[in-house]
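# Architecture and fold: a report
Next come the chains, spelled out residue by residue.
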Amino acid sequence: MGLRYAIYDVFTDRRLAGNPLAVIFDADALSDETMQALAREMNLSETVFVCNAANPAHAGRLRIFTPMRELPFAGHPTVGAAVALCELNHAEQRPDFDLVCVLEEKVGPVRCAVRLSAEAASFAEFDLPRTPSRIELNLDRQGLADALGVKVADLAFENHVPSIWSAGVPFLMLPLHNLAVAQSVEFDPGLWEKAAPFVEGRMASAYLYCRGGVHHAAKFHTRMFSPDMGIAEDPATGAAAAALSGAIRHFDGLPDGHHPVLIEQGVEMGRPSFIHLHIDVKDGAIARARIGGQAVKIATGEIHL
């Protein structure tokens, strides 16, 4: 059995940066066990399997796997799969061709806007399938600080304090005092397993963020660690950026209107990534939010099973 696949670097406009993603096409015949085994074989943060959509008007149905488990939703597989499918199906209409597609994910249908380009990396953005919500749990701040190798006093800035948010996948948001603290973090998985809360039956993933960034345009600098997903550190985490929109609106008290936010991640890994987050606030709540970024193909091939 031969399966076509492609590797895309996502949330970047250049190869060998951003977050690599394996996109496996025509995956309807694969069992859950085979998908999980292939995700372990690829050994990337996520591998996305493209299946036939239940609704023929939709572009495809996605199954998203980390090396350890399946996810109901994730940002860089959504962006990467949207670009990959549109480049595959509309190659003759490039360059600079805009279109809209819907991808079916376990979280629900996700609407994506894609701009194909022959001269540069294609771009895709999607509407968040769920509005971010806060999950209230008691947190062991000393234990969490120890797991990051920082002081408890460093786990806050301005109004931001540790909190749990989800826009489909929950993350423990850990605000850090400044960029120097964020770059000094030495994550200890063993200490994290002792201190991290369980959310929806699974150990919470750590999403670290601070204001500013290495890139002058970045409003937030982030890092993500997830022993539960089998991810030592992630170069870019769209689902976490989606959840972060809730923390930003809540702690910063965003006024009504449109708020563009550029998030950088992966800098410490040598895989700089840039996630475009757009938050629309109305009547003091998030009315709409979008995640976007570029993706560039780096490899194609065939899997033999």
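Structure report, in brief. (Residues numbered from 1 in each chain as written. Predicted model: local features only at pLDDT ≥ 70, side-chain atom pairs only at ≥ 80, totals over all residues. Heavy atoms only, no water.)

### Here's the deal with the environment of N43
Checked against the element boundaries, N43 lands in the loop between helix 1 (32-42) and strand 3 (46-51). Along the backbone, N43 and G2 are 41 residues apart, and their C-alpha atoms lie at a distance of 20 Å. (Helix = DSSP H or I, 4+ residues; strand = E, 2+ residues; numbered from the N terminus.)

### What about the nonpolar core?
Formed by 65 residues in total, the largest nonpolar core has its most connected members in F171, Y207, I263 and I291. Looking at this core element by element, the count peaks at nine residues for helix 6 (residues 238-252). If we ignore the near neighbours within four places in the chain, the residues touching I263 are Y207, F220, T222, A241, L244, S273, F274, I275 and L277. (Core = buried A, V, L, I, M, F, W, Y, C linked by side-chain atoms within 4.5 Å. Buried < 20%, exposed > 50% of the residue type's maximum accessible area, 1.4 Å probe, protein only. Contact = heavy atoms within 4.5 Å.)

### Brief notes about the pattern of salt bridges
Following the criterion strictly, the structure yields 18 salt bridges and no others. For E125, the salt bridge identified is with R290, shortest N-O distance 3.4 Å. Of this pair, E125 sits in strand 8 (residues 122-127) while R290 is found in strand 19 (residues 285-304), placing the two residues 165 residues apart along the sequence. Measuring nitrogen to oxygen at the nearest pair gives 3.7 Å for the salt bridge that ties R223 to E268. With R223 in strand 15 (residues 220-226) and E268 in the loop between strand 17 (257-265) and strand 18 (273-282), this residue pair connects regions lying 45 residues apart in the sequence. Taking relative accessible area as the criterion, R223 reaches 6% and is therefore assigned buried. Among the ionic contacts, a cluster of salt bridges with common partners joins D32, R63, E70 and K106. (Salt bridge = Lys/Arg side-chain N within 4 Å of Asp/Glu carboxyl O.)

### Digging into the side chain of S117
Relative to the helices and strands, S117 is located in the loop between strand 7 (108-116) and strand 8. Judged by its relative accessible area of 9%, S117 falls in the buried class. Here E119 takes part through its backbone nitrogen, which lies 3.3 Å from a polar atom of the side chain of S117. Here the side chain of S117 touches A120 through a polar contact of 3.1 Å, landing on its backbone nitrogen. (Polar contact = N/O pair within 3.5 Å; in protein donor to acceptor, adjacent residues only side chain to side chain.)

### Observations regarding the environment of S163
Of note, S163 is situated in strand 10 (residues 163-166). Distance in space between the C-alpha atoms of S163 and H221 is 17 Å, their sequence separation being 58 residues. Once residues within four sequence positions are removed from consideration, S163 is found in contact with R134, L139, F171, L172, M173 and F251.

### Section: the pairing of strand 4 (residues 60-65)
With respect to burial, strand 4 is a largely interior element, five of its six residues being buried. Pairing geometry for strand 3 and strand 4, over five bridges, is antiparallel. Its bridge partner lying in strand 4, C51 is registered against R61. Here strand 4 folds back onto strand 5 (residues 70-71) in antiparallel fashion, the turn holding four residues. (Pairing = 2+ DSSP bridges.)

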